[in-house]
Amino acid sequence: DTHCKLKGCDQGFHNYLYYSNTLLTLKGVKEVIEFEQGKGIINNLGVLRSKPLREWGLLNDENVVLNWDGSVSAVAHQFDRDDELNKHLKKVRQGYTSDFWASKN
């Protein structure tokens, strides 16, 4: 069991599960596949903090997150680490919230 209480320590726990092959001992788990950043089903954006996603070529003109091959990322994990994308998505969420409450009146 983990006693993880600090923000970010979940990564170490996940690393332990992966590298100790603990995941493979779980009922129902047949295989564990590791993908390079930007090449799998989950695009972990937190690792790309050295410059904005747009400069990496991973954020298009419609503010859609892309994989390295130019395809659309199915899941963009830690999108809030990019200032431009985070601000855009906050506006989108505010719009949904405003529309929701306006429909209740």
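This text goes with the structure placed above it.
In this report, the structure presented in the accompanying data block is examined. Numbers given to residues run from 1 along each chain, matching the order in which its sequence is written. With pLDDT at 70 or above as the cut-off, local features in this predicted model cover only qualifying residues; side-chain atom pairs require 80 or more to be listed or tallied, and sums for whole chains, interfaces and linings still use all residues. Hydrogen atoms and water are omitted, and side-chain values are computed over all heavy atoms in the structure.

Working definition: a ring pair exists when centres of Phe, Tyr or Trp rings (six-membered ring for Trp) sit within 6.5 Å. Plane angles under 30 degrees give stacked, over 60 give edge-to-face, the rest tilted. Enumeration over the complete set of coordinates arrives at three aromatic pairs. Taken together, a centroid distance of 4.8 Å and an interplanar angle of 85 degrees make the contact between Tyr18 and Tyr19 edge-to-face. We classify Tyr18 as partly exposed; its relative accessible area is 27%. A ring pair is formed by Phe100 and Trp101, whose centres lie 4.9 Å apart and whose planes are at 80 degrees; its orientation type is edge-to-face. A residue is classified by how much of its surface remains accessible, and Phe100, at 41% relative accessible area, is partly exposed. Exposure classes here rest on a 1.4 Å probe applied to the protein chains alone. A residue is buried below 20% of its type maximum, exposed above 50%, and partly exposed in between. Looking at Trp101, the relative accessible area reads 51%, which means it is exposed. The criterion for a charge sitting over a ring is simple: Lys NZ or Arg CZ within 6 Å of the ring centre, and within 35 degrees of the ring normal. Looking at Lys51, its charged tip hangs above the ring of Trp56, at a distance of 4.5 Å from the centre.

By themselves, these are just geometric observations and shouldn't be taken as functional.
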